[in-house]
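Listed here are the chains, written in short residue letters.
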Amino acid sequence: MMEQQKIIPNLWFDGAAEEAAHFYTEIFPDGRIVSSSRYPNSTAEGLADFQQNLAGKVLTVDFSLADCMFVGINAGPEFKATPANSFMVNFDPSRDPQAREHLDELWGKLLDGGEALMALERYSFSDYYGWVKDKYGFSWQLILTDPNGEPRPFIVPAFMFGSVVQNRAAEAIDYYLQVFKDAKMGTMAKYEAQVGPATPGSVMFADFMLQNQWFVAMDSGGEQDFTFTEAVSFVVNCADQAEIDYFWEKLSHYPENEQCGWCKDKFGVSWQIVPENMEELMQKPNAFATLMQQKKIVVADY
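Here the structure is a predicted model, which means the values were calculated and not measured.

Draft legend 1. Representation of the overall build of the protein chain within the structure. A count of helices and strands for the protein chain gives six helices and 15 strands. Expected size for 302 residues packed as a compact globule is a radius of gyration near 19 Å; at 19 Å, the protein chain falls within 12% of this value. With respect to the principal axes defined by its C-alpha atoms, the protein chain has extents near 60 × 35 × 35 Å. Burial statistics for the protein chain: of 302 residues in total, 52% are counted as buried. Taking as baseline every contact in the protein chain between residues at least 6 positions apart, the subset at least 24 positions apart corresponds to 65%. When the 22 basic and 43 acidic side-chain charges of the protein chain are each reduced to a single mean position, those positions are 2 Å apart.

Set out below in structure tokens:
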């Protein structure tokens, strides 16, 4: 994988980020806790009145699963995950002779307290595949990959376009390929006929690279009443203010969703546009209070 992961998936938890990070790092290969941060202890340090129950508690947990970095955000019940955001988990028999057994093992652990969204079985697109929502509400697509295909990372973030963004996967891919550097198209498979709300020519499956990282996108083949939420967001680590300004201008589409470096693009996907040295900035006096007052992050204000 790349030396530095520029785009990092963030998962929003209702008070369970630390517990969840330990759960994931125990069941995924090469799982490890990297670091954590805590909420301020008082309003004097920038903690708002409504956050008093979180004073001194864990704010974020950085963890790695098979060389893919994640951040768990310890917060409240405001946002719930949906299958619009999921994570492909690729078990490659050419890399792992026990790929199927390891897939079964992970499936069982993710299913414990969770729910199967698509049964683990043979499908037209895969000899062995299943889609599971874990006990924290996040979903994972486990697949036994074709050993003759081009290798992909073990974990790949996936976007499913349905509901209000149905059939916009191709548009989103094209846009992201323009916005991000080190980007390229990978596989593209289209629906040949109408499948539920998916129109002929819409995206059945596609993968693409942004900043040397792989992502998956698809248009939903079934009616759904959900779309993307802030429960899964993507941090973009920026080298300087100019890069922050660039990504903010490209990705922030809804002013009402701008807060603390968070924004939402025209497809409803949430992003966090932050400086690479955010951890260092947050050590400065009144840093948390400054962050809470900002929409786009302005480094000079710290």
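Draft legend 2. Highlighting the sheet that holds strand β10 (residues 184-190). Strand order in the open sheet formed by eight strands is β6-β7-β8-β5-β9-β12-β11-β10, and the pairing between neighbours is mixed. The open sheet is flanked by β6 (115-123) and β10, the only strands paired with a single partner. Taking each pair of neighbouring strands and ignoring which way they run, the sheet shows an average axis angle of 20°. Pairing of β6 with strand β7 (residues 126-133), which is carried by five bridges, proceeds in the antiparallel orientation. Along β7, the bridge assignment pairs Glu121 with Tyr129. Sheet strands in contact with helix α3 (residues 169-179) are β9 (155-161), β10, β11 (203-210) and β12 (213-219), and its direction is about 10° off that of β11.

Draft legend 3. The arrangement of the sheet that holds strand β3 (residues 58-65) in detail. What the seven strands build is an open sheet, ordered β2-β3-β4-β1-β13-β15-β14; its pairing is mixed. Looking at strand neighbours, the two that pair on one side only are β2 (32-38) and β14 (262-264), the edges of this open sheet. Across the sheet, the mean angle from the axis of one strand to that of its neighbour is 30°, orientation sign disregarded. Here helix α1 (residues 17-27) sits on the sheet in contact with β1 (7-14), β2, β3 and β4 (68-75), set at roughly 10° to β3.

Draft legend 4. Examining the pattern of salt bridges more closely. In the structure shown here, the tally under the stated rule is 10 salt bridges. When the shortest N-O distance is used, the salt bridge between Glu230 and Lys264 registers 3.0 Å. A residue pair is termed long-range when its members are at least 10 positions apart, and Glu230 in the loop between β12 and β13 (232-238) and Lys264 in strand β14 qualify at 34 residues. Accessibility expressed as a relative area gives 12% for Glu230, which makes it buried. Residue Lys296 pairs with Asp245 through a salt bridge whose shortest N-O separation is 3.0 Å. Remark: Asp245 occurs in helix α4 (residues 241-251) and Lys296 occurs in the segment after α6 (287-293); sequence separation between them is 51 residues. With a relative accessible area of 28%, Lys296 lands in the partly exposed category. One salt-bridge network, held together by shared partners, links Glu150, Arg152 and Asp207.

Draft legend 5. Main features of α1. For α1, the set of buried residues is Ala17, Ala20, Ala21, Phe23, Tyr24, Thr25 and Ile27. For α1, the elements touching its buried residues are β1, β2, β3, β4, α2 (99-111) and β8 (139-144).

Draft legend 6. Structural view of the pairing of β4. When you tally the buried positions in β4, you get eight out of eight residues, the bulk of the element. Burial of β4 is two-sided: the residues Cys68, Phe70, Gly72 and Asn74 facing one way and the residues Met69, Val71, Ile73 and Ala75 facing the other way are all buried. Sheet topology places β1 next to β4; five bridges connect them, and they run parallel. If you follow Phe13 over to β4, its bridge partner there is Asn74.

The rules behind each value
- Residues numbered from 1 in each chain as written.
- Predicted model: local features only at pLDDT ≥ 70, side-chain atom pairs only at ≥ 80, totals over all residues.
- Heavy atoms only, no water.
- Helix = DSSP H or I, 4+ residues; strand = E, 2+ residues; numbered from the N terminus.
- Rg over C-alpha atoms; globule rule 2.2 N^0.38 Å.
- Buried < 20%, exposed > 50% of the residue type's maximum accessible area, 1.4 Å probe, protein only.
- Contact = heavy atoms within 4.5 Å.
- Lys, Arg positive; Asp, Glu negative; His and termini not counted.
- Charge placed at Lys NZ, Arg CZ, Asp CG, Glu CD.
- Pairing = 2+ DSSP bridges.
- Axes fitted to C-alpha atoms, helices over the stretch in contact; angles between N-to-C directions.
- Salt bridge = Lys/Arg side-chain N within 4 Å of Asp/Glu carboxyl O.

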